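Residues per chain are reported as follows:
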Amino acid sequence: MTSIILLSVFGIINLFVGFAKNKKVLLPLVLLFLAIVFGINLLDWNDTQSYFSNMLTIDNYAVAFTGIMTLTTLLLLPFSQRYIDIADSNLAEYYSLLLFSLVGAVMMVSYENLIMLFIGIEILSIAMYVLAGSDKSSLRSNEAALKYFLMGAFFTGIMLFGIVMIYGATGTFNITEIGAAQAGIGADGLMNTMFILGILVLIIGISFKISAAPFHFWAPDVYDGTPSFFTAFMSTVVKTAGVAAFYKLMVAAFAASYTTWFPTMVAITVLTLVIGNVGAVIQTSFKRMMAYSSISHAGYLLMALVAFNEASDASILFYSAAYSAATIAAFGVLKMVQDQRRSADYEAFNGLGKTNPLLAFAMTVAMLSLAGIPLTAGFFGKFFVFSAVLQHTDMLWLVVLAVILAAVGIYYYFRVVIAMYMQPAGNYEVVKVGSFASFTLIFITILTILLGIAPALVSELI
Amino acid sequence: MITALLLFWPALAALLVLLIKGQGAKKVAFVAALVEFALSLFALSAFDTQSGASQHTLSLPWIESAGISFSIGMDGISLLMVLLTTFLVPLIILSAYKHEYKNPHVFYALILFMQTGLIGVFVAMDAFLFYFMWEVALIPIYFIAAVWGGADRIRVTFKFFVYTIFGSLFMLAAFVYLYLQTPGAHSSDVNAFYQLSLSSESQSWIFWFLFIAFAIKMPVFPFHTWQPDTYTESPAQATMLLSGIMLKMGIYGVLRWLLPVVPFGVSQWDEVVLVLAIIGIVYASIIAIRQRDLKRLIAYSSIAHVGLIAAGIFTLNEQGLQGGVIQMLSHGINVVGLFFIIDIIFSRTNTREITSLGGITQNAKGLSIFFMILLLGSVALPLTNGFVGEFLLLSGVFQYNAWFGGVAGLTIILGAVYMLRMFQGVMFGTKSELTENFTDLTLNEKAVLIPLVVMVFWIGLFPNTFLSISEPAVNNLLSIINR
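Residues numbered from 1 in each chain as written. Chains lettered and ligands numbered in written order. Predicted model: local features only at pLDDT ≥ 70, side-chain atom pairs only at ≥ 80, totals over all residues. Heavy atoms only, no water.

- Under an unreviewed UniProt entry, the name given to chain B is NADH-quinone oxidoreductase subunit M, and the organism recorded is Pontibacter anaerobius.
- Per UniProt, the comment on chain B under Sequence similarities (unreviewed entry) is "Belongs to the complex I subunit 4 family." (UniProt positions renumbered as here; feature names shortened; annotations may be inferred.)

- Under an unreviewed UniProt entry, the name given to chain A is NADH-quinone oxidoreductase subunit N, and the source organism is Pontibacter anaerobius.
- On record in UniProt, under Subunit (unreviewed entry), the comment for chain A is "NDH-1 is composed of 14 different subunits. Subunits NuoA, H, J, K, L, M, N constitute the membrane sector of the complex."

Right, here's the structure in full:
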């Protein structure tokens, strides 16, 4: 709760600090803000409270996800170092928008009321629409912003439609009350139809936000066009918040209609896994591959949701943490390589192992983690997800499918590793890396390996 | 405790080696590997060879809430595999003495790091630790092969990597399933898996999930397609690691994690596996006869030998299993020796084509003798190590089915054909331009070959030294399988 207020206030303060000419203070300041939020958020641990006449509930679930999302943002920010040197970049605005976006994300993991969910998603999204278009001189960035905005607005409408139908059927926006109310509506045919339709429409709306197939079509273009720094935020924090909100909604409101939405969710999961992984294989641009890879990871996260048992929340939490850490590292390296070599293709990484051993190593660990190979956090992410699903013995086929697709994943993740270590650097020079950024990369790499050896640090939180 | 030391020492040494720039890394790595060998001898001296239970055990909580523990230990089979690993790794490092690899510190650190993975696979008593170590062993060897390998290395090693991961992910899925079947608060301990009583339908599919992972690693026909290319394109040391030690991971996996865990699954499918293995023996032998590249020839011979081991252990009788264990040691020693000799020849003539070689005996008597001994060991001549293993394996297969035994026995004849044909082409005949000035073995080459040849005779003459170590463990395994 305090984290929401603090983040909003800090965002505004930050805007004012932006009037000062010295941009150098901004980054340390925002990092400090986020560190404060991270610390204060932890104070709410094991202390479940409801706020604003039951609109928000801060429980351990909310605290854990808020913690991960704040930390993700914190670790991402050092990669914006280069913006400081660009004269006409609106750094203060970018930072403030990120903070505001984070406010929306926190609301999405702690809502108790569908209205709050809706507002959270909107706060998050509107900031992201702006950031997607932040590279004003780039046509691709403009295209991304427009696409994201139009599609986003459309699906927000759909989601609202779903919320309204559920309200119509149950007479409440409160998710716990919805969960309790649905036993009574089974008898009424019309109400029941409206309720089920509401669930399905709501599922479609949120699926869009986490870029689950078949509502993913916007993602590759938007991720590709958006400046890499913000793409990283989009594919980590936004996705984490989306999946966490999704799971919370299903557990609190729609657990009793599990059998109704289960087939739809399974279909979405399977499609997401297949389209994400197969789509990533055929890309020649690393950044576009990462866009498809983020779709595929939405699929693995949805597997944990579909499992829908006591192991699901811990799996989602751990998977989000592992995935976020690896993705920030990957995008961090990508951004630095892209800034210097003017390309986000696989070829841009040629010879990086020779020119920048640190960047190459961090990228390799990130790719191993995304591919789910032991010694990295990603392995335990997949492991927890598979265990959650396998508790339903009749869903073995889903795990088999995921296993086959995970092997496909290794193919595209390793292309960049091969480019870095086994291709000659050619004309490429050493990529300049800020000290702050290298320190962060080392930290993320250690974190990824640490979670790959001792996963209990995160997985036993909730 | 000693097991943990054996497991972590190479990894620690690898970190140390990483800090040393230049060719000095090689020496440090060699000393570290010798220390590891000494540690394993100490473990052997403190080992009770009368008992089939695992010893030197250590169990610490790892992911406590999930019942997953860091649990390691060795029974006789594990110990022999650990000894094989610790014996071969120093020799493999020494065999690179003359090579000036780029970034030597990374190269040798990766070898040592891989050793941790290999030892880990052989001592893991927990399914997830086993899987973990299984992949830990894979990543370094992939980089060794892909960075320091031959011209076509990128495509070939990538195929190898994706192929093996594909298999092992199935193993992971099977382990997770088995783990969830354990009663109470779930456990992934090996003994918990042994005590499961699963329906024969589920054992049937679990069998395939596990078998695919192990079969790709060994490799058993028809999962072998990655192997000849990978062996050919990898640098010599990587080929030795892959063929000498890594393929034993697959066989060991069958012994520890397949046969006793899903005995009904095995009884449903053992005939299929035997047929595949025997097809592999004959098929690979025939292809080996047609090879002109020395490395490819040995690669195919390796498929044939492993096929026989696989056939032997799936007979589930004592001869077959004991033969499998002893043949794992023999094959490891012979194949590393043979690949090293090929590397020696290659380093002097820059070719591995049999037709461009010839007449080497005239210049290099020492090399010829060592080559001949290792080759005879490989074709299973009595008094050499190969004989003991193949004899036991074939007698195991005969007990299972005389027809199978007859066809599998072709391996001895075909093996002699391709091996002797190779020896004739390379060593006898007239000298070619390339072998005109062939020099005999240097001191450090002898230092690698002598221990290997000593082992060829030791296992050949006194197999009981080794058989007695594994016997209680094999009997213990059989009693679990037949329970």
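1. A closer look at the overall build of chain B
Next, step 1: Counting its regular elements, chain B contains 20 helices and 2 strands.
Next, step 2: Taken over C-alpha atoms, the radius of gyration comes to 21 Å for chain B, in line with the 23 Å a tight globule of 483 residues would show.
Next, step 3: Dimensions along the principal axes, computed over C-alpha positions, put chain B at roughly 70 × 55 × 45 Å.
Next, step 4: Here chain B holds 483 residues, and the buried ones make up 67% of them.
Next, step 5: In chain B, 82% of the contacts between residues at least 6 apart in sequence involve partners at least 24 apart.
Next, step 6: As displayed, chain B has an accessible area near 15500 Å², and 66% of this comes from carbon and sulfur atoms.
Next, step 7: Mean positive and mean negative side-chain charge positions of chain B (22 and 24 charges, respectively) differ by 12 Å. (Helix = DSSP H or I, 4+ residues; strand = E, 2+ residues; numbered from the N terminus. Rg over C-alpha atoms; globule rule 2.2 N^0.38 Å. Buried < 20%, exposed > 50% of the residue type's maximum accessible area, 1.4 Å probe, protein only. Contact = heavy atoms within 4.5 Å. Areas by Shrake-Rupley, 256 points an atom, 1.4 Å probe, with all protein chains shown as cover. Lys, Arg positive; Asp, Glu negative; His and termini not counted. Charge placed at Lys NZ, Arg CZ, Asp CG, Glu CD.)

2. What about the confidence of the model for chain A?
As a note on interpretation, predicted positions should not be read in detail where pLDDT is low.
Next, step 1: When the pLDDT values of chain A are averaged, the result is 88; 98% of them are 70 or greater.
Next, step 2: Helix α19 (residues 456-459) of chain A is the least confidently modelled element of chain A, averaging 76 in pLDDT, while helix α12 (residues 286-307) of chain A averages 93, the highest of any element. (pLDDT = per-residue confidence, 0-100.)

3. Quick notes on the packing of helix α11 (residues 263-290) of chain B against helix α12 (residues 294-313) of chain B
All names here are of chain B.
Next, step 1: Where α11 meets α12, the closest approach of the two axes is 8 Å, and the angle between their N-to-C directions is 160 degrees. Taken as axis vectors, α11 and α12 run roughly antiparallel relative to one another. When the axes of α11 and α12 are compared, the crossing they make is left-handed. Taken together, the residues of α12 that come into contact with α11 (itself represented by L274, A277, I278, G280, I281, A284, S285, I287 and A288) are L297, Y300, S301, I303, A304, G307, L308, A310 and A311. (Axes fitted to C-alpha atoms, helices over the stretch in contact; angles between N-to-C directions. Parallel < 35°, antiparallel > 145°, perpendicular 65-115°, else oblique. Left-handed = near helix turned anticlockwise from the far one by under 90°.)

4. A closer look at the packing of aromatic side chains
The geometry of an aromatic ring pair comes down to the distance between the two centres and the angle between the two planes.
Next, step 1: This model, assessed by the stated rule, comprises 78 aromatic pairs over all chains.
Next, step 2: Seen in terms of ring centroids, F383 of chain A and F384 of chain A are 5.5 Å apart; in terms of plane orientation they differ by 55 degrees. Their pairing is tilted. Like F383 of chain A, the residue F384 of chain A is buried in the burial classification.
Next, step 3: With a centroid separation of 5.1 Å and 80 degrees between ring planes, the pair formed by F107 of chain B and Y108 of chain B is classed as edge-to-face.
Next, step 4: With relative accessibility at 0%, the residue F107 of chain B sits in the buried group.
Next, step 5: Accessibility expressed as a relative area gives 0% for Y108 of chain B, which makes it buried. (Phe/Tyr/Trp six-rings, centres within 6.5 Å; stacked < 30°, edge-to-face > 60°.)

5. Observations concerning the packing of helix α13 (residues 318-349) of chain B against helix α19 (residues 443-461) of chain B
Residue and element names in this part refer to chain B.
Next, step 1: Here α13 crosses α19 at 150 degrees, and the two axes come no closer than 10 Å. Judged by the angle between their axes, α13 and α19 are roughly antiparallel. Between α13 and α19 the crossing geometry is left-handed. Residues I326, L329, S330, I333, N334, V336, G337, F340, I341, I344 and R348 of α13 form the contact with α19, whose participating residues are E445, V448, L449, L452, M455, V456 and I459.
Next, step 2: Tallied by class, residues from the contact of α13 with α19 come to 13 nonpolar, 3 polar and 2 charged. (Nonpolar A, V, L, I, M, F, W, Y, C, P; charged D, E, K, R; others polar.)

6. Quick look at the nonpolar core
Next, step 1: If you look at the biggest cluster of nonpolar residues, it comprises 391 residues, and the most contacted ones within it are F254, F286 and F349 of chain A together with F175 and F314 of chain B.
Next, step 2: If you count residues domain by domain, this core takes at least three from each of domain 1 (1-261) and domain 2 (268-483) of chain B.
Next, step 3: Beyond its immediate chain neighbours, meaning those up to four positions away, F286 of chain A contacts A330, L334, A344, D345, Y346, F349, M363, M367 and V416 of chain A. (Core = buried A, V, L, I, M, F, W, Y, C linked by side-chain atoms within 4.5 Å. Domains from an automatic or database assignment.)

7. Looking at the interface of chain A and chain B
Next, step 1: Counting residues at the interface gives 33 residues for chain A and 33 residues for chain B.
Next, step 2: For the pair chain A and chain B, the two sides together bury roughly 3000 Å², of which 87% comes from carbon and sulfur.
Next, step 3: Put simply, chain A and chain B have 0 salt bridges between them.
Next, step 4: If you look at where chain A meets chain B, you find 1 residue pair in polar contact (both at pLDDT 80 or more).
Next, step 5: Sorting the residues of the side of chain A that touches chain B by element identifies α15 (357-371), α16 (377-390), α17 (396-422) and α18 (435-453) of chain A as the ones contributing at least two each.
Next, step 6: When residues in the side of chain A that touches chain B are grouped by element, the largest group, 14 residues, is from α17 of chain A.
Next, step 7: Its residues assigned to classes, the side of chain A that touches chain B shows 26 nonpolar, 6 polar and 1 charged. (Buried area = accessible area lost by both parts, 1.4 Å probe. Salt bridge = Lys/Arg side-chain N within 4 Å of Asp/Glu carboxyl O. Polar contact = N/O pair within 3.5 Å; in protein donor to acceptor, adjacent residues only side chain to side chain.)

8. Details of the UniProt feature "domain: NADH:quinone oxidoreductase/Mrp antiporter transmembrane" (unreviewed entry) in chain B
Next, step 1: Listed under "domain: NADH:quinone oxidoreductase/Mrp antiporter transmembrane" (unreviewed entry) in the UniProt record, and renumbered for this structure, are residues 124-411 of chain B.
Next, step 2: The span residues 124-411 of chain B is 79% helix and 0% strand, and its two end C-alpha atoms sit 33 Å from each other.

9. Details of the domain arrangement of chain B
Residue and element names in this part refer to chain B.
Next, step 1: Looking at chain B, the domain boundaries give domain 1 (1-261) and domain 2 (268-483).
Next, step 2: Centre-to-centre, using C-alpha coordinates, domain 1 lies 22 Å away from domain 2.
Next, step 3: In this assembly, 58 residues from domain 1 lie in contact with 56 residues from domain 2.
Next, step 4: Put simply, domain 1 and domain 2 have 2 salt bridges between them.
Next, step 5: Note that R296 and D229 form a salt bridge whose closest N and O atoms lie 3.1 Å from each other.
Next, step 6: At the junction of domain 1 and domain 2, the tally comes to 11 residue pairs in polar contact (both at pLDDT 80 or more).

10. Quick look at helix α4 (residues 91-110) of chain A
Next, step 1: Given a rise of 1.5 Å per residue, 20 residues ought to cover 28 Å, and the 29 Å separating the end C-alpha atoms of α4 of chain A matches this to within 8%.
Next, step 2: When you tally the buried positions in α4 of chain A, you get 18 out of 20 residues, the bulk of the element. (Expected span 1.5 Å × (residues − 1).)

11. Focus on the pairing of strand β1 (residues 55-63) of chain B
All names here are of chain B.
Next, step 1: Looking at chain direction, β1 and strand β2 (residues 68-74) are connected through 6 bridges and run antiparallel. Considered in β2, the bridge of P61 is made with S69.
Next, step 2: What sits between the antiparallel neighbours β1 and β2 is a turn of 4 residues, in which G67 has the positive phi angle 70 degrees. (Pairing = 2+ DSSP bridges.)

12. Focus on the pairing of β2 of chain B
Next, step 1: Among the 7 residues of β2 of chain B, 7 are classified as buried, and the element is accordingly described as predominantly covered.
Next, step 2: Burial along β2 of chain B is two-sided: the residues I68, F70, I72 and M74 of chain B and S69, S71 and G73 of chain B are all buried.

13. Remarks on empty space enclosed by the protein
Next, step 1: For the structure shown, the criterion picks out 5 cavities of 30 Å³ or more.
Next, step 2: Considered as a void within the structure, the largest cavity measures approximately 80 Å³ in volume.
Next, step 3: If you go around the largest cavity, the residues you meet are S301, S302, H305, Q327, S330, H331, N334, V335, L338, G377, S378 and G386 of chain B.
Next, step 4: Counting residues per element, the lining of the largest cavity draws most heavily on α13 of chain B, at 6 residues.
Next, step 5: When grouped by side-chain class, the residues that make up the lining of the largest cavity number 2 nonpolar, 10 polar and no charged.
Next, step 6: What the second largest cavity holds in volume is close to 50 Å³.
Next, step 7: Residue lining of the second largest cavity: H297, Y319, A322, Y323, S369, L370, G378 and K382 of chain A, and that is the complete set.
Next, step 8: Those elements that place two or more of their residues in the lining of the second largest cavity are α13 (312-341), α15 and α16 of chain A. (1 Å grid on protein atoms, 1.4 Å probe; cavity = no way out; pocket = protein on both sides within 12 Å on 5 of 7 lines; lining within 4 Å. Points joined across faces, edges and corners; volume = space filled by probe spheres on them.)

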